[in-house]
Amino acid sequence: MANWLAKTEPDEFSLDDLEARGKAGEPWNGIRNYQARNHLRAMVPGDRVLIYHSACAEPAVVGEAEVISEPRPDPDALDPASRYYDPKSSADNPRWTVITVAFRQRWPKPVPLKLIKQTPELAEMALLRQSRLSVSPVTDEQWLVLEQLSVQ
DNA sequence: GCCAACGTTGGC
DNA sequence: GCCAACGTTGGC
């Protein structure tokens, strides 16, 4: 079982929005970066996903979700009306991947990026090393450290 | 709103 | 295959 971190802009889709979806969850669509896509393809149901709010007043890890589907082709890539349409993707050879995630819990306190940067045990997080990667892996150790920061 | 980081595109 | 031009992400 693996751990991940997924960024979302709260103005677009927040942890609150995910909670409102309940057990049905939300397709994590629109990922259009190969590295991030490859991480989606490695996900299996039951994997844990940190939800990270980006491009907002206080960028932070705010809670956690769970992968509840297998990876599958992202249908938005084939829909010309979608903002995520990619003419280079096709039904025969789908380029992009989506998984569905469901809300698990809000963390006691958000863990701000600022604090993550100040924490030596988290210096190797992919979040910090590749600032533009929207889906990234998290180690068990990193997850534990983040959880501890959330209750302090 | 600025701009650094960095991924993608396309000419050669 | 190199690399300049360009577009996007996301912190600040």
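Preceding this section is the structure that the text describes.
### Concerning the overall build of chain A
Stage number 1. What chain A contains, in helices and strands, is 5 helices and 8 strands.
Stage number 2. Since a compact globule built from 152 residues should have a radius of gyration of about 15 Å, the 15 Å found for chain A is in line with a globular shape.
Stage number 3. For chain A, the spread of C-alpha atoms along the principal axes amounts to about 50 × 30 × 30 Å.
Stage number 4. Taken across its 152 residues, chain A has 45% of its residues classed as buried.
Stage number 5. Within chain A, contacts between residues at least 6 apart in sequence are counted, and of these 73% link residues at least 24 apart.
Stage number 6. Between the centroid of the 18 positive side chains of chain A and the centroid of its 22 negative side chains there is a distance of 4 Å.

### Re helix α2 (residues 34-41)
An α-helical turn contains 3.6 residues, so a residue and the one three or four places further along point in the same direction.
Stage number 1. Regarding α2, the residues found buried are Ala36, Arg37, His39 and Leu40. Viewed along the axis of α2, the buried residues span an arc of 155°, placing them on a single side of the element.
Stage number 2. Buried positions along α2 lie against β1 (3-8), β6 (97-98) and β8 (135-138).
Stage number 3. The N-cap residue of α2 is Asn33: its side-chain oxygen and the backbone nitrogen of Gln35 are 3.0 Å apart.

### Structural notes on the sheet that holds strand β2 (residues 26-27)
Stage number 1. Read from one edge of the open sheet, 6 strands run β2-β7-β4-β3-β1-β8, paired in mixed fashion. Each edge of the open sheet carries a strand with a single partner, namely β2 and β8.
Stage number 2. In the sheet, β2 pairs with strand β7 (residues 100-112) via 2 bridges, with the strands oriented antiparallel. Bridge pairing links Pro27 to Thr100 in β7.
Stage number 3. Contacts from α2 reach β1 and β8, with the element oriented near 55° to β8.
Stage number 4. Each of β1, β3 (48-53), β4 (60-67), β7 and β8 is contacted by helix α5 (residues 140-151), which is oriented at about 55° to β7, the strand it contacts most.

### Here we look at the protein's contact with DNA strand C
Stage number 1. Around DNA strand C, a shell composed of Lys7, Tyr52, Ser54, Ala55, Pro59, Leu113, Lys117, Ser131 and Arg132 is seen.
Stage number 2. Within 4 Å of the protein, the contacting atoms of DNA strand C are drawn from sugar and phosphate to the extent of 84%.
Stage number 3. Within the side chain of Tyr52, an N or O atom sits 2.8 Å from a phosphate oxygen of DNA strand C.
Stage number 4. Between DNA strand C and Lys117, the relevant distance is 2.7 Å, taken from a phosphate oxygen to a side-chain nitrogen or oxygen of the residue.

### Here's the deal with the protein's contact with DNA strand B
Stage number 1. Inspection of the region around DNA strand B gives Asn33, Tyr34, Lys88 and Arg132 as its neighbouring residues.
Stage number 2. Protein-adjacent atoms of DNA strand B, using a 4 Å cutoff, are sugar or phosphate at a proportion of 62%.
Stage number 3. Grouping the constituent residues of the surface near DNA strand B by class yields 1 nonpolar, 1 polar and 2 charged.

### Looking at the pattern of salt bridges
Pairing between side chains becomes possible if they bear opposite charge and their charged atoms approach one another.
Stage number 1. Taken as a whole, this structure holds 9 salt bridges when the rule is applied.
Stage number 2. Across the pair Glu64 and Arg104 runs a salt bridge, and its minimum N-O distance is 3.2 Å. Taken together, the residues Glu64 in strand β4 and Arg104 in strand β7 connect sequence positions 40 residues apart.
Stage number 3. Look at Arg104 and you get partly exposed, because its relative accessible area is 34%.
Stage number 4. Close ionic contact of Arg95 with Asp86 constitutes a salt bridge, the shortest N to O distance being 3.9 Å.
Stage number 5. Owing to a relative accessible area of 25%, Arg95 belongs among the partly exposed residues under this scheme.
Stage number 6. Beyond isolated ion pairs, a larger network of salt bridges with shared partners links Asp16, Glu19 and Arg106.

Cut-offs used in this document
Residues numbered from 1 in each chain as written. Chains lettered and ligands numbered in written order. Predicted model: local features only at pLDDT ≥ 70, side-chain atom pairs only at ≥ 80, totals over all residues. Heavy atoms only, no water. Helix = DSSP H or I, 4+ residues; strand = E, 2+ residues; numbered from the N terminus. Rg over C-alpha atoms; globule rule 2.2 N^0.38 Å. Buried < 20%, exposed > 50% of the residue type's maximum accessible area, 1.4 Å probe, protein only. Contact = heavy atoms within 4.5 Å. Lys, Arg positive; Asp, Glu negative; His and termini not counted. Charge placed at Lys NZ, Arg CZ, Asp CG, Glu CD. Arc of directions from axis to C-beta. Polar contact = N/O pair within 3.5 Å; in protein donor to acceptor, adjacent residues only side chain to side chain. Pairing = 2+ DSSP bridges. Axes fitted to C-alpha atoms, helices over the stretch in contact; angles between N-to-C directions. Near = heavy atom within 4 Å. Nonpolar A, V, L, I, M, F, W, Y, C, P; charged D, E, K, R; others polar. Salt bridge = Lys/Arg side-chain N within 4 Å of Asp/Glu carboxyl O.

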